[in-house]
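# Survey of secondary and tertiary structure
Now for the letters of each chain:
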Amino acid sequence: MGTLDFLSAYEKGSLLNRTADRREFLRFCGRMTVLLGLSQSAISRVVAALEGAVQQHRPSVIWLEFQDCAGNTESFTRANAPSVAEAVLESISLDYHETLMAAAGDRAEQARHEALEANRGNLIVVVEGSIPTKEEGVYCTIGGKTALQIVKEIEPYAMAFVAVGTCASFGGLPQANPNPTGAVALEDIIQTRPVINLPGCPANPDVLMGVLVHYLVFGRLPEVDAQKRPLFAYGKRIHDTCERRPHYDAGQFALAFDDYGAREGYCLYKLGCKGPQTYNICAAWRWNSSASWPVKAGHPCIGCSERQFWDRFTPFYERLPEVGGFGVEERADTVGGAVVGLTAAAVAAHAAYTAMVKKAEKKAEETALSESEEDSVES
Ligand code: SF4
């Protein structure tokens, strides 16, 4: 078995060739170009890489789920628009995914085995969920094997691993005190292959797509920080790109969820926001076609993409002055009407992304237009 059975649902015709969806595909390429921080001129390179992957050899991807809630799978399958997920799914060969695949039991195990043998050394392995190690890992077994055994068995076949979500990246909720299953992160197990972490509860699906697209375009994983997170998505704190930042700098804070400040969009720091300690792209890129994100909707950031967030950042609705690594507490109370230099950048971040995405999509649409004109001339 090659690609997952569920993909056959998409086989009404290739997204890259369906005229109506061709434009959406090119717009997707434009958005990915912006997300990855590439110049507008790179759009054609992104288009060529995705088309080349479809027409020549789609890299094989295996998606493993261990101690998790399947939230990253849910997030990925609900990415912006169905056609966006299709674009990536047509560019890779998703050969194994327990939650999505139609096959079960021996047939599913066989699919994984065949994908391993056919793609030795070239596999991208996406892992969702933490890995239990207590009692030799018996707290998570699939097909009679522990998660620990499965990961170690697959390691020699992999080109690289992508830990999607906080559980796989850092241990997440299963690892929270008292960690009854001895849960660890993927990076604690894998010794011989690169691991890239995409923390978040769940990770932004566009970021996962960005990693896959980066691999398709450049043949390698994107640049990462010391915690193995891609810099294009985790290079800035949420606090630095949050639209409520001007209120923070002006000393304007909501003190209750239904008070005047909350209604006016004031800063949520005093309601427990962990944005100053959290690195992620939520504020700038947002979710669901950039429609919104938790802080915009009125809920403080809970720092879900940080290490040990459950132990370090609870209770979520209280300020935690003992949280290390950031000296914001004093300033939040004393800053008054002072304006710091980051304000303008914070306000501009999402607007800048939006403008760049619009420009890239327009350029991609122009490409689509010139293609259809060329086609009509040829015919
Ligand atoms: S503390 Fe939270 S709500 Fe306030 S500016 Fe920072 S990220 Fe935004």
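Structure first, text after, so check above.
Residues numbered from 1 in each chain as written. Predicted model: local features only at pLDDT ≥ 70, side-chain atom pairs only at ≥ 80, totals over all residues. Heavy atoms only, no water.

What follows is about the overall build of the chain. For the chain, the helix and strand inventory stands at 16 helices and 9 strands. Looking at the chain residue by residue over its 379 residues, the buried ones come to 53%. Taking as baseline every contact in the chain between residues at least 6 positions apart, the subset at least 24 positions apart corresponds to 76%. Taken as a whole, the chain presents about 16500 Å² of accessible surface, with 52% of it coming from carbon and sulfur. (Helix = DSSP H or I, 4+ residues; strand = E, 2+ residues; numbered from the N terminus. Buried < 20%, exposed > 50% of the residue type's maximum accessible area, 1.4 Å probe, protein only. Contact = heavy atoms within 4.5 Å. Areas by Shrake-Rupley, 256 points an atom, 1.4 Å probe, with all protein chains shown as cover.)

Okay, the site of the ligand next. Not every one of the 13 residues close to the ligand is listed here, only the nearest: His-239, Cys-242, Cys-267, Leu-268 and Cys-273. When atom positions are compared with the pocket grids, the ligand is found to occupy the largest cavity. For the shell around the ligand, the elements supplying multiple residues, two or more each, are helix H10 (238–241) and helix H11 (245–249). Partitioning the shell around the ligand into residue classes produces 9 nonpolar, 2 polar and 2 charged. (Near = heavy atom within 4 Å. 1 Å grid on protein atoms, 1.4 Å probe; cavity = no way out; pocket = protein on both sides within 12 Å on 5 of 7 lines; lining within 4 Å. Sits in = over half its atoms within 2 Å of the grid points. Nonpolar A, V, L, I, M, F, W, Y, C, P; charged D, E, K, R; others polar.)

What follows is about empty space enclosed by the protein. Per the counting criterion, the structure on display carries 4 cavities of 30 Å³ or more. Size it by volume and the largest cavity reaches roughly 100 Å³. Lining the largest cavity we find 13 residues, and of these His-239, Cys-242, Cys-267, Leu-268 and Cys-273 sit closest to its centre. Elements supplying a minimum of two residues to the lining of the largest cavity: H10 and H11. Among the residues forming the lining of the largest cavity, the class breakdown is 9 nonpolar, 2 polar and 2 charged. (Points joined across faces, edges and corners; volume = space filled by probe spheres on them.)

Among soluble globular proteins, nonpolar side chains are generally buried collectively. With 48 residues, the main nonpolar core has Leu-50, Val-162, Leu-198 and Val-213 as its most contacted residues. Among the elements that make up this core, the one with the highest residue count is helix H8 (residues 205–218) (9 residues). Residues from two domains meet in this core; each of domain 1 (5–233) and domain 2 (238–340) gives at least three. When near neighbours in sequence (up to four residues on either side) are disregarded, Leu-198 contacts Val-162, Ala-163, Val-164, Gly-165, Ser-169, Ala-203, Val-207, Leu-208, Val-211, Pro-230 and Tyr-234. (Core = buried A, V, L, I, M, F, W, Y, C linked by side-chain atoms within 4.5 Å. Domains from an automatic or database assignment.)

It is worth spelling out H8 at this point. Between its first and last C-alpha atoms H8 spans 20 Å; for 14 residues at 1.5 Å apiece the expected length is 20 Å, and the two agree. Counted residue by residue, H8 has 13 buried out of 14 residues, so it is predominantly covered. For H8, the capping residue at the N-terminal end is Asn-204, with a side-chain oxygen 2.9 Å from the backbone nitrogen of Asp-206. Of the residues flanking the end of H8, it is Gly-219, one or two places downstream, whose phi is positive at about 75 degrees. (Expected span 1.5 Å × (residues − 1). Polar contact = N/O pair within 3.5 Å; in protein donor to acceptor, adjacent residues only side chain to side chain.)

According to the stated counting rule, one finds 11 salt bridges in the structure shown. When the shortest N-O distance is used, the salt bridge between Asp-240 and Arg-245 registers 3.5 Å. Arg-245 carries the same exposure label as Asp-240, and that label is buried. Notably, a salt bridge pairs Arg-245 with Asp-249, separated by 3.1 Å at the nearest N-O pair. On the criterion of helical spacing, the pair formed by Arg-245 and Asp-249 is a turn pair, its members being 4 residues apart in helix H11. One network of salt bridges, with partners in common, ties together Arg-237, Asp-240, Arg-245 and Asp-249. (Salt bridge = Lys/Arg side-chain N within 4 Å of Asp/Glu carboxyl O.)

Counted according to the given criterion, the structure contains 8 aromatic pairs. Between Tyr-248 and Tyr-269, the ring centres sit 6.3 Å apart and the planes meet at 85 degrees, which makes this aromatic pair edge-to-face. Of the two residues, Tyr-248 is situated in helix H11 and Tyr-269 in the loop between helix H12 (260–263) and helix H13 (282–285); the sequence distance between them amounts to 21 residues. Residue Tyr-248 is classed as buried on the basis of its relative accessible area, which comes to 1%. Assessed through its relative accessible area of 3%, Tyr-269 is described here as buried. Considering the side-chain rings of Tyr-260 and Tyr-266, the 6.1 Å spacing of their centres and the 85 degrees angle between planes classify their relative orientation as edge-to-face. (Phe/Tyr/Trp six-rings, centres within 6.5 Å; stacked < 30°, edge-to-face > 60°.)

So, about unusual backbone geometry. With omega at 5 degrees, the peptide bond leading from Cys-201 into Pro-202 counts as cis. Look at Glu-135: it is not a glycine, yet its phi comes out positive at around 50 degrees. The class of Glu-135 is exposed, set by a relative accessible area of 54%. Phi is positive for Lys-228, close to 65 degrees, though the residue is something other than glycine. Exposure remark for Lys-228: the relative accessible area of 30% places this residue in the partly exposed category.

All quantities given are derived from atomic positions and should not be read as evidence of function.
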